[in-house]
Amino acid sequence: MTTTTDTPVTTPAAKTVPVKRPGGRRREGAAWVFLSPWVLGAAVLTLLPMAVSLYLSFTDYDLFNPPHWVGLRNYTQMFTEDPRYWRSVGATLTYVVIAVPLQLGLALVVALGLKSMRRGRGFYRSAFYAPSLLGASMSIALVWRALFNDGGTVDNLLGTGGWVNRPGWALFAVALLTVWQFGAPMVIFLAGLQQIPTELYEAASVDGASRWRQFLSITVPMLSPVIFFNLVLQTIQAFQVFTPAFAVSGGKGGPADSTLFYTLYLYDRGFVASHMGYASAMAWVLLIVIGAVTAVLFRTSRTWVFYASEGDR
Amino acid sequence: MTTSTSTTSTAATASSARKPIAGRRIALHLGALAALIVMLYPLAWLLATSLKPADEVIASLDLLPGSLEWSNYSTALDGVNDVSVWRLLGNSLLIAGGAVVGNVLSCSLAAYAFARLRFRFRGPLFAFMIATIMLPHHAVLIPQYIIFNQLGMVNTYWPLILPKFLATEAFFVFLIVQFMRGLPRELEEAARIDGCGPFRSFFLVILPLTRPALITTAIFTFIWTWNDFFTQLIYLFSPEKFTLTLALRSFVDASSTSAFGPMFAMSVIALLPIVLFFLAFQRFLVEGMANSGIKG
């Protein structure tokens, strides 16, 4: 609170303490006014829909007739009778495992390069960041389809044929589009790198530590919270990829379901085939899987993420 | 490799050590430039292809078109499904504009409460708010669709705009909270002594100071809404209500290459606002990204 050094009139201040309470309550009321849009949104557009989608996942529902309770049938059908479901799981997991490490690795390498640059850093930072904004668009997804098509640039350069019409390759075209958007994590890495005190490197090099050693013993631990932040964020986003798969496969997840990502199949079941119950069950499995993956990441983070504030201050 | 051997030595050794460093720097720049060319190729290709005549589009590695085919753009301006590009552009702008107003307003209100006011359950509610950042959109998608369907709002812009007025994008709430926490408390205390209640000190003191975070929120909201495809795909089905993104969709199924030029001309038109935003606000964008929650 405000200091009261020179005035002996501090006793009224002490008396205002009980008076503060109604003021505090008024502030509490004010807080709820400020919060009201968020509270309404959280209740009506988040919590209620979560509960409803859990309920619908145990029903047959086509949007026109009332939901019809079927118990666990959606789930058993999903896990035991629907090969397309498993293909969508496989495609999504393959994509996450390929795209996220490649994207983050590239982001880190480029950030390290930019950090040791004196001039032009701002320019490159912005230029590398641009694809992160443009790449999420349908326009670029269509460009990608053309570049990786039969007779497209990649076919011409590498002679591999088009990627997007070959089952074993189409997924990689989508993954590369994600890797191409490494700018966003790169910017975050760069910000993190710039917060590492240079004295640490100076001390290490006085002790004769090699660059590689400095990278392992200073950069990685000091940057680990940022690496972790990027890893969680990009993984969660990768699980939900939709637009590029839709564009590359003509909305159908082809060829041979190789780009039938989870969300694409969910869209197909819910909004094309009108199996809202089945799609809700898929949504809940996705929610649980993303929650589990995040939890595992958080748990393993205890062993490798280093928070300077815990040790020092 | 060769850093820091010269820290305490004489000028002579320092200059001899500087050479490999200069070499490294040049290598860095060359590497960065090479990477940049590869990365910008798809964009250059898009621009070039949008100006190519139909017979040159496929099977030509040349970036530069043999002859400029401006008719691609006039075809694109005619639009898709008898809806002109201007109409599509207007629809996209309306949705993105509405989303910007909604997000800035509702997210800053919620952020102020979380950052500056005391209320019961603040801790748990804040934790919940953060958790919704990680919540996959699909977990709430179908019931939201059912709600908007019941309200008769499917095939209108309400499902795309209304949620933004209810601070459903927790990422931005968090971003603004982080920023507001950095503002000195004395400002509000001074305002309070001058007789400002929480509302006046929010509007007159805090909000003007939060401007950088609000601008970041506005720009990101605009670009993300502009790029959004999934929500528009499920909620809009009348061609005259389509956005540019959604209109591009009609090219997704078409396998004929005859529409290639106009398709990419339209893609360029659809990207143009983002490019302009990027050029105008890249500072805010890059710094907004850098500060998005990783500051200690």
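A quick note: this is a predicted structure, and the numbers were derived from the prediction, not measured.

**Student:** What should I look at first to understand the UniProt feature "transmembrane region" (unreviewed entry) in chain A in this one?
**Tutor:** Following the UniProt record, the feature "transmembrane region" (unreviewed entry) maps to residues 30–56, 93–114, 126–148, 168–193, 214–233 and 276–298 of chain A here. Secondary structure content for residues 30–56 of chain A is 100% helix and 0% strand, while the C-alpha to C-alpha distance between its ends is 37 Å.

**Student:** Can you walk me through the environment of Arg25 of chain B in this structure?
**Tutor:** The residue Arg25 of chain B is located in helix H1 (residues 11–49) in this model. Given a relative accessible area of 26%, Arg25 of chain B falls into the partly exposed group. Those residues in contact with Arg25 of chain B that lie beyond four places of it in its chain are Ser116 and Arg118 of chain A.

**Student:** What is the right way to read the UniProt feature "domain: ABC transmembrane type-1" (unreviewed entry) in chain A from this model?
**Tutor:** UniProt's entry tags residues 89–297 of chain A with the feature "domain: ABC transmembrane type-1" (unreviewed entry), counted in the numbering of this structure. Measuring from the first to the last C-alpha atom of residues 89–297 of chain A gives 20 Å, for a span that is 75% helix and 0% strand.

**Student:** Which parts of the structure should I look at to understand the side chain of Ser88 of chain A?
**Tutor:** Tracing the chain through its elements places Ser88 of chain A in helix H3 (residues 83–115). Leave out the neighbours within four places in its chain, and Ser88 of chain A touches Leu260, Phe261, Tyr262 and Tyr265 of chain A.

**Student:** Help me understand the packing of H3 of chain A against helix H12 (residues 262–272) of chain A in this model?
**Tutor:** How two helices sit against one another is set out by the angle between their axes and by the gap between those axes. Residues and elements named next belong to chain A. Where H3 contacts H12, the two axes come as close as 8 Å, and the packing angle between them is 150°. Between H3 and H12, the angle falls in the class roughly antiparallel. Taken together, the residues of H12 that come into contact with H3 (itself represented by Arg84, Tyr85, Ser88, Val89 and Thr92) are Tyr262, Tyr265 and Asp268. For the contact of H3 with H12, the class distribution of residues is four nonpolar, two polar and two charged.

**Student:** Could you clarify how one ought to interpret the interface of chain A and chain B in this entry?
**Tutor:** Often, the extent of an interface is quoted as the loss of accessible area upon association of its parts. Opposite the 89 residues of chain A that make contact, chain B presents 91 residues. For the pairing of chain A and chain B, the buried interface totals around 8300 Å² over both sides, and the portion due to carbon and sulfur atoms is 77%. The interface formed by chain A and chain B includes zero salt bridges. At the boundary of chain A and chain B, one finds 11 residue pairs in polar contact (both at pLDDT 80 or more). At 23 residues, the largest contribution of residues to the side of chain A that touches chain B is made by helix H1 (residues 10–56) of chain A.

How each quantity is defined
- Residues numbered from 1 in each chain as written.
- Chains lettered and ligands numbered in written order.
- Predicted model: local features only at pLDDT ≥ 70, side-chain atom pairs only at ≥ 80, totals over all residues.
- Heavy atoms only, no water.
- UniProt positions renumbered as here; feature names shortened; annotations may be inferred.
- Helix = DSSP H or I, 4+ residues; strand = E, 2+ residues; numbered from the N terminus.
- Buried < 20%, exposed > 50% of the residue type's maximum accessible area, 1.4 Å probe, protein only.
- Contact = heavy atoms within 4.5 Å.
- Axes fitted to C-alpha atoms, helices over the stretch in contact; angles between N-to-C directions.
- Parallel < 35°, antiparallel > 145°, perpendicular 65-115°, else oblique.
- Nonpolar A, V, L, I, M, F, W, Y, C, P; charged D, E, K, R; others polar.
- Buried area = accessible area lost by both parts, 1.4 Å probe.
- Salt bridge = Lys/Arg side-chain N within 4 Å of Asp/Glu carboxyl O.
- Polar contact = N/O pair within 3.5 Å; in protein donor to acceptor, adjacent residues only side chain to side chain.

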